[in-house]
Amino acid sequence: MSAYQKLVTQGQDLFEQFLQEINQQNAQELAVKYLGKKGLFNQLAAQIKILTKEEKKDFGRELNQLKNKLESKLADYQKQDFASQVHQDLTMPGIQTKVGHLHPVSQAIEEISRIFEKIGFVRMSYPEVDWDYYVFAALNMPTNHPARDEWETFFVDQKAHPSLGKMVLTTHTSNGQVREMERVKGQLPIRMMNISRCYRRQSDNTHTQMFHQFEGLVIDKDINIQHLKGTIDYFAKEFFGPKTKSRIRPFHFKFTEPSFEVDFSCHICRGTGYIKDEHHHKINCRFCKSGWHEVGGAGMVHPNVLKAGGFDSNKYRGFAFGWGVERSYTLKQDLNIDDIRLFYSGNQEFLEQF
Ligand code: PHE
């Protein structure tokens, strides 16, 4: 191949190369790369010296033709490239990278802890697998007492402790009561918050076999029901919003006397017990019973429990309450979650909303 032919082929190859790059690179950069002062075409043209006078003329013409073709292609490309740039809205927010977050139940636990910390409660942590003694017996429910049947207990297949009895999955956070009294060894006041997992043989749209409770325990001199009601009201307004009402209804627990069930007003039906269907007919609120949600129990610590914890029940009094975390969380305004099993379903679409 003659030197002339070689250079012409090189010129054509450059053009081919350009055609391959044109839609992938920025037009401005391509112009510099191929047509710039030190661009590829000029570099090729510099080799013209080795050609004869006649060949120089032909090669120059050849090269110019290629450059013209390239220039017009580049101009077209530049137009469309520019158009695509103009349509980019630079004020648009960037694409958000996904960030993880705490599970809604963990968020609720954090919030509940902070609410009670503000009024002097200290967060403690007690076993989630515990002896019968702390879960039942010390709470005024001796072995074989029928009241135990209310707690659908999971027993751990494990040799019973000679004095503390069988090992169970905690059915409530109340096992922390006597444990906390033992911990302080008579030093008062107690203002304890015990938040942990609980287990019961149950499953429907308001119950899961594993759930969380938060337990409050206050023991001091001169503690009365008003302190309990005040604490419940304070929590209701902090957690659910200032319009929330709370009420206590007489109930029975072996470890409190008197005992209460604690209700908060329903946010979905706004405490009325009914909502309107799509035809504007009144129908019962499917989320609550008569405008109120029962979240758990409370009461004044039973003298026998104070005794079990080493306190003189003639000198000291206390109140306690134990409520479901998931249950309380679903009652938050505007959440409208009517099936607490969703929390543990692993359903990403559901969980990502929190
Ligand atoms: N432990 C009780 C329950 O799980 C609730 C409760 C706690 C009641 C503290 C009274 C005092 O139902």
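Residues numbered from 1 in each chain as written. Predicted model: local features only at pLDDT ≥ 70, side-chain atom pairs only at ≥ 80, totals over all residues. Heavy atoms only, no water.

Colleague: Whenever I open this one, the overall build of the protein chain confuses me. Can you help?
Modeller: Along its length, the protein chain carries eleven helices and eleven strands. Scored against the burial criterion, the 354 residues of the protein chain give a buried share of 42%. Taking the intrachain contacts of the protein chain between residues at least 6 apart in sequence as the baseline, contacts between residues at least 24 apart amount to 69%. Of the roughly 20300 Å² that the protein chain leaves accessible, carbon and sulfur atoms contribute 50%. One way to put it: in the protein chain the 46 positive side-chain charges average out to a point 3 Å from where the 43 negative ones average out. (Helix = DSSP H or I, 4+ residues; strand = E, 2+ residues; numbered from the N terminus. Buried < 20%, exposed > 50% of the residue type's maximum accessible area, 1.4 Å probe, protein only. Contact = heavy atoms within 4.5 Å. Areas by Shrake-Rupley, 256 points an atom, 1.4 Å probe, with all protein chains shown as cover. Lys, Arg positive; Asp, Glu negative; His and termini not counted. Charge placed at Lys NZ, Arg CZ, Asp CG, Glu CD.)

Colleague: Even after reading the chapter, I still don't get the side chain of Thr256, so can you show me in this structure?
Modeller: Tracing the sequence through the fold places Thr256 in strand E7 (residues 256–265). For Thr256, a relative accessible area of 2% gives the class buried. At 2.6 Å, the side chain of Thr256 and the side chain of Ser259 are in polar contact. Those residues within four positions of Thr256 in sequence are excluded, and the remaining contacts are Ala298, Gly299, Met300, Val301 and His302. (Polar contact = N/O pair within 3.5 Å; in protein donor to acceptor, adjacent residues only side chain to side chain.)

Colleague: Looking at this structure, how should I read the sheet that holds E7?
Modeller: Backbone hydrogen bonds hold the strands of a sheet together, and the pairing may be parallel or antiparallel. Taken in spatial order, the seven strands line up as E1-E4-E5-E11-E10-E7-E6 in an open sheet, and their pairing is mixed. The two strands at the open ends of the sheet, each matched to only one other strand, are strand E1 (122–124) and strand E6 (246–251). Averaged over all pairs of adjacent strands, the angle between strand axes in this sheet comes to 25°, irrespective of strand direction. Contacts between helix H5 (residues 104–117) and the sheet are confined to E1, strand E4 (190–199), strand E5 (210–220) and strand E11 (317–324), with E4 contributing the most and set at about 165° to the helix. Seen against the sheet, helix H7 (residues 175–184) touches E1, E4, E5, strand E10 (292–301) and E11 and runs at an angle of roughly 140° to E4. (Pairing = 2+ DSSP bridges. Axes fitted to C-alpha atoms, helices over the stretch in contact; angles between N-to-C directions.)

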